[in-house]
Amino acid sequence: MFDELKKVMTGRRSIRKYLDREIPRPVLEEVIETALWAPSGMNRQDWEIVVVSGKKRDDLAHLVAKTKKHVVPLLEKLFPEKIIKISLQVFENFGGAPTVLLVYVPREIPRVDPDMSEMELYHAEFKRFNRILSASALVQNILLAAHAKGLGTCWMTGPKYVEKEINQLLGMEDKELVAIIPIGYPSQSPPAPPRKPNVVKWLSE
Ligand SMILES: Cc1cc2nc3c(=O)[nH]c(=O)nc-3n(C[C@H](O)[C@H](O)[C@H](O)COP(=O)(O)O)c2cc1C
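Residues numbered from 1 in each chain as written. Predicted model: local features only at pLDDT ≥ 70, side-chain atom pairs only at ≥ 80, totals over all residues. Heavy atoms only, no water.

Asker: Could you give an account of a nonpolar patch on the surface, naming the residues involved and the relevant values?
Answerer: On the surface, L78, F79, I83 and I86 cluster together into a nonpolar patch covering about 360 Å² of accessible area. Within the element layout of this structure, I86 appears in helix α5 (residues 81–88). Residue class for I86 comes out partly exposed when judged on its relative accessible area of 36%. (Patch = residues over 30% accessible without salt bridge, like charges linked within 9 Å, V, L, I, M, F, W, Y side chains within 5 Å. Areas by Shrake-Rupley, 256 points an atom, 1.4 Å probe, with all protein chains shown as cover. Salt bridge = Lys/Arg side-chain N within 4 Å of Asp/Glu carboxyl O. Helix = DSSP H or I, 4+ residues; strand = E, 2+ residues; numbered from the N terminus. Buried < 20%, exposed > 50% of the residue type's maximum accessible area, 1.4 Å probe, protein only.)

Asker: Could you give an account of the packing of helix α1 (residues 2–11) against helix α6 (residues 118–148), naming the residues involved and the relevant values?
Answerer: Contact geometry of α1 with α6 gives a least axis separation of 9 Å together with a crossing angle of 110°. As the angle between them shows, α1 and α6 are arranged roughly perpendicular. Each of K7, V8, M9 and G11 in α1 lies in contact with α6, whose residues at this interface are L144, H147 and A148. Its residues assigned to classes, the contact of α1 with α6 comprises four nonpolar, two polar and one charged. (Axes fitted to C-alpha atoms, helices over the stretch in contact; angles between N-to-C directions. Parallel < 35°, antiparallel > 145°, perpendicular 65-115°, else oblique. Contact = heavy atoms within 4.5 Å. Nonpolar A, V, L, I, M, F, W, Y, C, P; charged D, E, K, R; others polar.)

Asker: Now, about the packing of helix α3 (residues 54–65) against helix α7 (residues 163–170): what can you tell me, with residues and values included?
Answerer: For the pair α3 and α7, interaxial distance at closest approach is 10 Å and the crossing angle is 170°. For the element pair α3 / α7, the angle class is roughly antiparallel. The residues of α7 that touch α3, namely those facing K56, D59, L60, L63 and V64, are E165, I166, L169 and L170. Looking at the contact of α3 with α7 residue by residue, the classes come out as six nonpolar, no polar and three charged.

Asker: Explain unusual backbone geometry to me, and be specific about the residues and the numbers.
Answerer: Even without a glycine there, the phi angle at M42 is positive, about 55°. On the basis of relative accessible area, M42 is assigned to the exposed category, the value being 66%. Even without being glycine, N93 reaches a positive phi, approximately 55°. You can see N93 is positioned in the loop between α5 and β2 (99–106).

Asker: If you had to explain the nonpolar core to someone new, which residues and values would you point to?
Answerer: F94, L102, Y104, M156, I166 and I180 are the most contacted members of the largest nonpolar core, which has 27 residues in total. Of all elements in the fold, only β1 (48–52), α3, α4 (68–78), α5, β2, α7 and β4 (175–184) reach the threshold of two or more residues within this core. Among the elements that line this core, the one with the most residues is α3, at four residues. (Core = buried A, V, L, I, M, F, W, Y, C linked by side-chain atoms within 4.5 Å.)

Asker: Can you lay out α3 for me, pointing to particular residues and giving the numbers?
Answerer: Relative to the 16 Å expected for twelve residues at 1.5 Å per residue, α3 spans 17 Å between its end C-alpha atoms, a close match to the ideal helical length. Every buried residue of α3 is listed here: R57, L60, A61, L63 and V64. Projected down its long axis, α3 shows its buried positions confined to an angular sector of 160°, all on one face. In α3, the exposed positions that point more than 90 degrees away from the buried face belong to K55 and H62. Looking at the buried side of α3, the elements it contacts are β1, α4, β2, α7 and β4. (Expected span 1.5 Å × (residues − 1). Arc of directions from axis to C-beta.)

Asker: I'd like a rundown of the packing of aromatic side chains, residues and numbers included.
Answerer: The tally for this structure, following the rule as stated, stands at one aromatic pair. Geometrically, the ring pair formed by Y122 and F126 is edge-to-face, given 5.7 Å between the ring centres and 70° between the ring planes. Taken together, the residues span about one helical turn, with Y122 and F126 both in helix α6 at a distance of four residues. Judged by its relative accessible area of 27%, F126 falls in the partly exposed class. Stacked on the ring of Y185, the Lys or Arg R21 has its end atom at 3.8 Å from the ring centre. (Phe/Tyr/Trp six-rings, centres within 6.5 Å; stacked < 30°, edge-to-face > 60°. Lys NZ or Arg CZ within 6 Å of the ring centre and 35° of its normal.)

Asker: Break down the site of the ligand for me, with residues and values.
Answerer: R13, S14, R16, W155 and R195 are the nearest of the 14 residues found near the ligand. One of the side-chain N or O atoms of R13 is found 2.8 Å from an oxygen atom in the ligand. Burial of the ligand by the protein amounts to 67% of the accessible area it has alone, namely 630 Å². A breakdown of the residues in the shell around the ligand according to their chemical character gives six nonpolar, four polar and four charged. (Near = heavy atom within 4 Å. Polar contact = N/O pair within 3.5 Å; in protein donor to acceptor, adjacent residues only side chain to side chain.)

The following block contains the structure:
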């Protein structure tokens, strides 16, 4: 069992170009239902998944394409031009993905001020912190389940720059957007970006 799981976890890549091929509804349903077994803080499960295809998906793609101008300066600080070009593929029409999943949590943004004590700050942020972490576990489950079904995905937060417009388009105005996930059959198999070494600290005494 571990070897299979390891294959799925290490073989998953962010896919930014997709085939023009619909995902059969039962396949998508199975991916989503399986992913919903993610853990959640206090078992609240207060997440929501919106599945978008057809005209709404096209309208969403237009909004997301507008975020390139915000994302490019961030990418330029980190990556060479070639990598930036590859990253931007998914901001253009979702790289051709036929369907897009959006993961939401209830919108409740805490007010924090610099004079708060550590405890007050923790208390104020506790709910949102747990909700976003739980939704992130759900997102990762979606990516892994999709990959195991031969589907590609790309976890996107760049489009947060136009969250207000996205939420209006989808009728999700009282929700906070955690991730946008284009999903479809991959038309590329990108190399794995290397993982950073020395990020684990072992303490035994
Ligand atoms: C929280 C989060 C936000 C991300 N946002 C974007 C994004 O907006 N656009 C994008 O192309 N990739 C995005 N990614 C994908 C990362 O670039 C990708 O996971 C990383 O480069 C490692 O590549 P891999 O997923 O193929 O292993 C995001 C990933 C995470 C976890």
